[in-house]
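Coordinate inspection notes
What follows is the residue order along each chain.
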Amino acid sequence: MTDQDTPRRTPKKAALAAWSGSALEYYDLAIYGTAAALVFPKIFFPDGNASAATIASLATFGVAYVARPIGSFFMGHIGDRLGRKKVMVGTLLLMGISTFLVGCLPTYGQVGLIAPALLVLLRLLQGLSAAGEQAGANSMSFEHAPDDRRGFFTSFTLSGTQGGQVLAPAVFLPLAAVLPEDQLLAWGWRIPFLLSAVVVLIGFAIRRTLDETPEFEAEGLKKTDMTTAASHTPLAVLFRYHWRGVLRVFFAAFIAMVNTTFQVFALNFATSDAYGIGISSTLMLWLAIVANLVAIATIPFWARLSDRVGRKPVFVSGLLGSAVLVVAFLAAISAGNAPLVFVLGVALAGVVYSMPNAVWPATYAEYFPTSVRLSGMAVGTQFGFALAGFTPTIAGWIMAGDAGNWWKVAAFAAGACVISAIAVLTGPSNTHRVPTREVGLGTARRVETRPVTVGVAS
């Protein structure tokens, strides 16, 4: 392929497409989590046992984390076989339509058990979509970016996640404050879900005109004879030759446990009557909003820094800083010191946690060659994130209803940071200096270029 034949890079458009889809995904996750805690127990499940209804409602939230690892295989295969654009458009539409339909569902009072069954089905579809969204967006922005600015452009995916987590409470909380409870339960809760259609339309308009990445196009031309394993089964190549990268991403993704500890467990720990801390839910919700706004501002800075000094220094510094601050943050909650909780929470989630959050898209992408990049990131992250999704449940079990056990949860979260740091430290160095077309090959270069017979039909 000559330089004239090579598709041009469009890094800004790819980054915008990544931001919009990621914002939609986390907007959907945030509004669903809020509704599952506040509204769904009262409208999708039988009356008479509020605790059972709440548990069942929160279980529908967790269903997505079960679907995500399964979806990572499917979405990864499509993305590495048919292209990044197809995954990005498909996941956007699947997530958007599923979320919109949640807002259209009948309630338990109208159709009985069909209502929660439909809710679970749509939640499963959301999980399947989420499995490919970030990996697809990361691959697209990574492969469109200039070689020396991959960290910066891939970081827009994570800026989008923070934007979605700001947008969701900005829509939901005013409704809960303004509408009487009967109106909120009757129709008000539907509005945030229906509004997701606006984000979908904007995202679709951007993504449908996005060009496939130059790296994927070059990979396709290299394999027009369909003789290599990657042409047929990217997952077979991934697990045969790049399984170390998958394991590294899986363990590195444990850092996400800090996020779920901050977003979910800390909220319950600080405000629940069961622990008697007495910090207001309003303060904790504002903490989440401010921390996410700070993160939006800091993520591009950390990403640019990683383009200059490398991924490891930024990633590992953020991991070790998070290990320290998560302990201090939970200690401040246990002491009931609201001002200190706010300051430490912003420092943790807005500044220090943003360091690994900013650079993991580029870091993980640089572990894999183009032929299996999307699969490698999807499988590794979604299995790691699935464990992170159950962190609040594990933390609740560790607490055993005793606020004095907070340090055990802190040790658990800090331990996850250490495991993540080890995974990153043992990975390849100076990958930010490797040209995009050569990234991830290493000793596997000969594997990627020789014919391999796998015995699987295309």
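Residues numbered from 1 in each chain as written. Predicted model: local features only at pLDDT ≥ 70, side-chain atom pairs only at ≥ 80, totals over all residues. Heavy atoms only, no water.

The subject of this paragraph is the overall build of the protein chain. Secondary structure summary: the protein chain contains 24 helices and zero strands in total. Computed over C-alpha atoms, the radius of gyration of the protein chain comes to 22 Å, within 12% of the 23 Å expected from 2.2 N^0.38 for 458 residues, which places it in the range of a compact globule. Taking the principal axes of the C-alpha coordinates as reference, the protein chain spans close to 65 × 50 × 35 Å. Looking at the 458 residues of the protein chain, the share that counts as buried comes to 57%. In the protein chain, of all internal contacts separated by at least 6 residues, the share reaching a separation of at least 24 is 85%. (Helix = DSSP H or I, 4+ residues; strand = E, 2+ residues; numbered from the N terminus. Rg over C-alpha atoms; globule rule 2.2 N^0.38 Å. Buried < 20%, exposed > 50% of the residue type's maximum accessible area, 1.4 Å probe, protein only. Contact = heavy atoms within 4.5 Å.)

Once that is clear, we can look at empty space enclosed by the protein. Over the atoms rolls a probe the size of a water molecule, and in doing so it shows where empty space is left. For the structure shown, the criterion picks out two cavities of 30 Å³ or more. By volume, the second largest cavity amounts to about 40 Å³. Surrounding the second largest cavity, Gln-162, Asn-259, Phe-262, Gln-263, Asn-292, Ala-295, Ala-349, Tyr-353, Ser-354 and Asn-357 form its lining. Breaking the lining of the second largest cavity down by element, the ones donating at least two residues are α16 (256–271), α17 (281–309) and α20 (354–365). Across the lining of the second largest cavity, the residue classes break down as four nonpolar, six polar and no charged. (1 Å grid on protein atoms, 1.4 Å probe; cavity = no way out; pocket = protein on both sides within 12 Å on 5 of 7 lines; lining within 4 Å. Points joined across faces, edges and corners; volume = space filled by probe spheres on them. Nonpolar A, V, L, I, M, F, W, Y, C, P; charged D, E, K, R; others polar.)

Overall, the coordinates contain 21 aromatic pairs when judged by the stated rule. Taking 5.2 Å as the distance between ring centres and 75° as the angle between the ring planes, the aromatic pair formed by Phe-250 and Phe-254 counts as edge-to-face. Each member of the pair, Phe-250 together with Phe-254, is buried. Ring pairing ties together the aromatic residues Tyr-32, Phe-40, Phe-44, Trp-189 and Phe-193, which thus form one cluster. (Phe/Tyr/Trp six-rings, centres within 6.5 Å; stacked < 30°, edge-to-face > 60°.)

What follows concerns helix α14 (residues 234–241). Every buried residue of α14 is listed here: Pro-234, Leu-235, Val-237 and Leu-238. Seen from one end, α14 has its buried residues packed into an arc of 160°, which puts them on one side. (Arc of directions from axis to C-beta.)

Relative to the elements of secondary structure, Thr-391 occurs in helix α22 (residues 391–399). A relative accessible area of 1% places Thr-391 in the buried class. Discounting residues that sit within four places of it in the chain, Thr-391 has contacts with Met-257, Thr-260, Thr-261 and Phe-412.

A word on the nonpolar core. Core analysis: the biggest nonpolar cluster contains 79 residues, and Phe-269, Met-284, Phe-329, Leu-330, Ile-333, Val-341 and Tyr-364 have the highest contact counts within it. By residue number, the principal contributor to this core is helix α18 (residues 311–334), which donates eleven residues. The contact partners of Met-284, leaving out residues within four places of it in the chain, are Ala-266, Leu-267, Ala-270, Thr-271, Ile-279, Phe-329, Ile-333 and Val-341. One finds Ala-36, Ala-168, Val-171 and Leu-184 within the second-largest nonpolar core, a separate group that totals 24 residues. (Core = buried A, V, L, I, M, F, W, Y, C linked by side-chain atoms within 4.5 Å.)

As a further point, take a positive patch on the surface. Taken together, the side chains of Lys-12, Arg-149, Arg-304 and Arg-308 make up a positively charged region of the molecular surface. With respect to the helices and strands, Arg-308 occurs in helix α17. (Patch = residues over 30% accessible without salt bridge, like charges linked within 9 Å, V, L, I, M, F, W, Y side chains within 5 Å. Areas by Shrake-Rupley, 256 points an atom, 1.4 Å probe, with all protein chains shown as cover. Salt bridge = Lys/Arg side-chain N within 4 Å of Asp/Glu carboxyl O. Lys, Arg positive; Asp, Glu negative; His and termini not counted. Charge placed at Lys NZ, Arg CZ, Asp CG, Glu CD.)

Let us now look at the side chain of Ser-322. By secondary structure assignment, the location of Ser-322 is in helix α18. Using a relative accessible area of 0% as the deciding quantity, one classes Ser-322 as buried. Among all residues touching Ser-322, those that are not within four sequence positions of it are Ile-255, Leu-348, Val-352, Tyr-353 and Cys-417.

The next subject is the pattern of salt bridges. Scanning the model with the defined rule gives nine salt bridges in all. Between Lys-42 and Glu-181 there is a salt bridge, with the nearest N and O atoms lying 2.6 Å from each other. With Lys-42 in helix α2 (residues 40–43) and Glu-181 in helix α9 (residues 181–188), this pair connects stretches of sequence that are 139 residues apart. Where salt bridges share partners, they join Asp-80, Arg-84, Glu-143 and Arg-373 into one cluster.

In this model helix α6 (residues 114–144) runs 45 Å from its N-terminal to its C-terminal C-alpha over 31 residues, within 8% of the 45 Å that 1.5 Å per residue would give. Most of α6 sits out of view: 23 of its 31 residues are buried. (Expected span 1.5 Å × (residues − 1).)

As a further point, take unusual backbone geometry. Negative phi characterises most residues that are not glycine, and trans characterises most peptide bonds. For Ala-400, which is not glycine, the phi dihedral falls at a positive 55°. With respect to the helices and strands, Ala-400 occurs in the loop between α22 and α23 (406–425). The phi dihedral of Asn-430 falls on the positive side, at around 55°, and the residue is not glycine. Note on placement: Asn-430 falls in the loop between α23 and α24 (445–449).

We now examine the packing of α16 against helix α21 (residues 373–389). Packed helices, taken two at a time, are described by the angle between their axes plus the distance between the axes. Taken N-terminus to C-terminus, the directions of α16 and α21 make an angle of 30°; their axes are 8 Å apart at the nearest point. Relative to α21, the element α16 lies roughly parallel. Seen from above, α16 lies across α21 with right-handed handedness. Across the interface between the two elements, Ala-256, Met-257 and Thr-260 of α16 pack against Phe-385, Leu-387, Ala-388 and Gly-389 of α21. Taken together, the residues of the contact of α16 with α21 break down into five nonpolar, two polar and no charged. (Axes fitted to C-alpha atoms, helices over the stretch in contact; angles between N-to-C directions. Parallel < 35°, antiparallel > 145°, perpendicular 65-115°, else oblique. Left-handed = near helix turned anticlockwise from the far one by under 90°.)

On the secondary structure map, Gly-310 appears in the loop between α17 and α18. With a relative accessible area of 3%, Gly-310 lands in the buried category. Counting along the chain gives 117 residues from Gly-310 to Gly-427, while the straight-line C-alpha distance between them is 12 Å. Not counting residues up to four positions away in its chain, the partners in contact with Gly-310 are Leu-305 and His-432.

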